[in-house]
Amino acid sequence: MTAETPPRRLEEGLVQIRSALSAASRLLVCLDFDGTLAPIVDDPADATPLDRNEEALETLVAERAVSTAIVSGRALADVRGRVGESDAYAGNHGLELLRNGSLAVHPVASKRATLVGESCSALEAVLDSVPGVRIENKRLTATVHTRAVPDPLRPLVRRRTAAVVDRVGGTDLEVSRGKRVLEIGPAIPWGKGNAVELTAADLPPETVVVYVGDDTTDESAFRAVGPDGIGIRVGGEEPSAADWRVRSPTGVASFLTWLGSAGIGSLKGSLEDEETGTVRPPSVQTELPKSSGTADD
């Protein structure tokens with residue numbers, strides 16, 4: 001699908017997703033945090049994953065044929081502290097990547113971290129009079145949170161932020177927009193999609209990649225997993241490079257729960273237990289768990 005196409009409801013794609021899984025021997029599940037595992041809240045410091053998302057993620061982590069990655073705009077240390085266990089973590093929109101016990105930081109982003117800090121200091125002064133604005137310095141990137149800013153003042157915040165970043169960072173920094181946020185980072189061709197590609201490159205060729213996210217910064221990841229992977233956008237019917245959609249983190253919990261049972265049961269060779277050699281009965285579930293919400297919850 002193209003970026004101009006609204007994703008279809010996930011319930012319509014379960015048969016197609018099962019077919020993709022049946023051709024794969026392994027599964028890589030990549031998940032955004034805010035708005036995906038955790039509901040969006042006014043104060044980002046209060047964000048917590050839904051219990052059912054944590055439970056479903058624990059089930060996936062325990063599966064031999066499944067690898068998981070948390071891919072967030074938050075700083076790596078921050079998101080690691082909010083998600084208990086995963087095989088890989090990417091922070092600052094992929095500029096930090098922890099996988100296989102090794103941490104990699106984009107070298108250009110490291111060099112421009114000083115400019116990010118200077119921009120934050122300047123913005124603290126320029127936006128001091130705007131009620132509700134919050135500036136978060138994540139070292140490699142920064143976020144100007146506008147969720148609590150009155151609607152009439154948001155254009156002012158955007159203009160002042162752009163002016164400050166242009167003055168301080170010139171062509172070395174850029175500003176992008178997300179859901180009630182302005183993201184400040186190095187002007188380099190790098191994003192969440194690159195982190196997903198690097199993580200997937202560590203796995204066997206017969207690995208199907210799933211990416212679930214809710215914002216514009218997740219679009220590069222949706223493009224990275226297509227056309228053979230599975231992209232799921234969290235939100236309404238806005239155009240996206242994702243194939244399918246759920247409406248909220250509750251819908252994500254439904255999908256992850258389904259993936260941990262029927263989805264994994266569809267993987268090639270998954271019917272034989274690796275330790276005992278016994279054959280497990282195939283799963284035939286083609287609906288999401290109704291108790292945990294639907295794509296239109």
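Below is a short write-up of the structure. Along each chain, residue indices are assigned from 1 in the same order as the chain's sequence is written. It should be noted that, the model being predicted, local features are given only for residues of pLDDT at least 70 and side-chain atom pairs only at 80 or more, the latter also being counted only at that level, while totals for whole chains, interfaces and linings use all residues. Computation of side-chain values: all heavy atoms of the structure, hydrogens and water removed.

**Some words on empty space enclosed by the protein**
To locate leftover empty space, one rolls a probe as large as a water molecule over the atoms.
Working step 1: In this analysis, the protein atoms alone were mapped onto a 1 Å grid. Cavities are point sets where a 1.4 Å probe fits without being able to get out; pockets are open sets with protein on both sides within 12 Å along at least five of seven lines; lining residues have an atom within 4 Å of a point. Grid points are joined across faces, edges and corners, and a volume is the space filled by probe spheres set on the points. In the structure shown here, the tally under the stated rule is one cavity of 30 Å³ or more.
Working step 2: Under the scheme used here, helices are H or I runs from DSSP no shorter than 4 residues and strands are E runs no shorter than 2 residues, and both carry numbers assigned from the N terminus. Counting only elements with at least two residues in the lining of the largest cavity, the list comes to β8 (142-145) and β10 (181-186).
Working step 3: For this classification, Asp, Glu, Lys and Arg are treated as charged, while Ala, Val, Leu, Ile, Met, Phe, Trp, Tyr, Cys and Pro are nonpolar and the rest, including Gly, are polar. Tallied by class, residues from the lining of the largest cavity come to six nonpolar, six polar and 14 charged.

**Concerning the environment of Asp43**
Working step 1: Within the secondary structure, Asp43 sits in the loop between β2 (26-31) and α2 (51-61).
Working step 2: With 104 residues separating them in the primary sequence, Asp43 and Arg147 have C-alpha atoms 8.8 Å apart.

**Observations concerning the pattern of salt bridges**
Working step 1: Any carboxyl oxygen of Asp or Glu within 4 Å of a side-chain nitrogen of Lys or Arg constitutes a salt bridge here. Tallied over the full model, the rule gives 15 salt bridges.
Working step 2: Between Arg9 and Glu11 there is a salt bridge; the shortest N-O distance is 3.9 Å.
Working step 3: Whether a residue is buried, partly exposed or exposed follows from its accessible area with a 1.4 Å probe, protein chains only, as a fraction of its type maximum: under 20%, in between, or over 50%, in that order. The exposure class assigned to Arg9 is partly exposed, which follows from its relative accessible area of 26%.
Working step 4: Residue Glu11 is classed as partly exposed on the basis of its relative accessible area of 26%.
Working step 5: Where Asp218 meets Lys192, a salt bridge forms, and the shortest distance between an N and an O atom there is 2.9 Å.

**Thoughts on the sheet that holds strand β11 (residues 207-213)**
Working step 1: If you walk across this open sheet you meet the nine strands as β1-β13-β12-β11-β2-β3-β4-β5-β6, and the pairing is mixed. Two strands bound the open sheet, and with one partner strand each, they are β1 (8-9) and β6 (102-105).
Working step 2: Looking at chain direction, β1 and strand β13 (residues 244-246) are connected through two bridges and run parallel. Bridge pairing links Arg9 to Arg245 in β13.
Working step 3: Note on contacts: a residue pair qualifies if any of its non-hydrogen atoms lie within 4.5 Å across the two residues. Helix axes use the C-alpha atoms of the stretch in contact, all axes being lines fitted to C-alpha atoms, and the angles between their N-to-C directions lie in the range 0 to 180 degrees. α2 rests against β2 and β3 (66-71) of the sheet, and its axis sits at about 135° to β3.
Working step 4: Packing against the sheet, helix α9 (residues 249-265) makes contact with β2, β3, β11, β12 (230-234) and β13, and its axis sits at approximately 170° to β2. By this definition, two strands are paired if DSSP reports at least two bridges between them.

**Describing the side chain of His145**
Working step 1: By the secondary structure assignment, His145 is in strand β8.
Working step 2: Counted as a polar contact is a pair of N or O atoms within 3.5 Å, where, for protein atoms, one must be capable of donating a hydrogen and the other of accepting one, and residues adjacent in sequence contribute only when both atoms are in side chains. Among the polar contacts made by the side chain of His145, one reaches the side chain of Glu136 at a distance of 2.8 Å.
Working step 3: The contact partners of His145, leaving out residues within four places of it in the chain, are Pro44, Gly132, Val133, Arg134, Glu136, Arg180 and Val181.

**Topic: the packing of aromatic side chains**
Working step 1: Note on aromatic pairs: the rings of Phe, Tyr and Trp (six-membered ring only in Trp) are paired at centre separations within 6.5 Å, and the planes decide the class, stacked below 30 degrees, edge-to-face beyond 60, tilted for the rest. Tallying each qualifying case throughout the model produces two aromatic pairs.
Working step 2: On the basis of an interplanar angle of 80° and a centroid distance of 5.5 Å, the ring pair of Tyr211 and Phe222 is categorised as edge-to-face. You can see Tyr211 sitting in strand β11 and its partner Phe222 sitting in helix α8 (residues 219-225), a full eleven residues away along the chain.
Working step 3: Criterion for a charge above a ring: Lys NZ or Arg CZ within 6 Å of the ring centre, and within 35 degrees of the ring normal. When the ring centre of Tyr89 is taken as reference, the NZ or CZ atom of Arg80 above it lies at 5.4 Å.

**Observations concerning the packing of α2 against α9**
Working step 1: Interhelical geometry of α2 versus α9 gives an angle of 25° and a closest axis separation of 9 Å. Of the possible angle classes, the one that applies to α2 and α9 is roughly parallel. Taken as a pair, α2 and α9 cross one another with a handedness that is left-handed. Together, Arg52, Asn53, Ala56, Thr59 and Leu60 of α2 and Pro249, Val252, Ala253, Ser254, Leu256, Thr257, Leu259, Gly260 and Ile264 of α9 make up the contact between the two elements. Under this scheme an angle from 65 to 115 degrees is roughly perpendicular, one under 35 degrees roughly parallel, and one over 145 degrees roughly antiparallel; angles in between are oblique. By definition, turning the near helix anticlockwise from the far helix through less than a right angle yields a left-handed crossing, and turning it clockwise yields a right-handed one.

**Here's the deal with the sheet that holds β10**
Working step 1: Here we have four strands laid out as an open sheet, ordered β7-β8-β10-β9, and antiparallel in their pairing. Since the sheet does not close on itself, it has two edges, and those belong to β7 (134-137) and β9 (173-178), each with one partner. Between one strand and the next, the sheet's axes are offset by a mean angle of 20°, whatever the strand orientation.
Working step 2: Note that β7 and β8 share four bridges and pair antiparallel. Looking across to β8, one finds that Ile135 is bridged to Val144.

**Topic: the pairing of β2**
Working step 1: The buried count for β2 comes to six of six residues, which makes it a mostly enclosed element.
Working step 2: Side chains Arg26, Leu28 and Cys30 project from β2 onto one buried face, and the interleaved Leu27, Val29 and Leu31 project onto a second face that is buried too.
Working step 3: Taken together, the five bridges between β2 and β3 define a ladder with parallel strand orientation. For Val29, the partnering residue across the bridge sits in β3 and is Thr68.
Working step 4: Remark: the β2/α2/β3 crossover connection has right-handed handedness. Looking down the strands as they point away from the viewer, one classifies a crossover as right-handed if the path from the first strand across the helix to the second runs clockwise.

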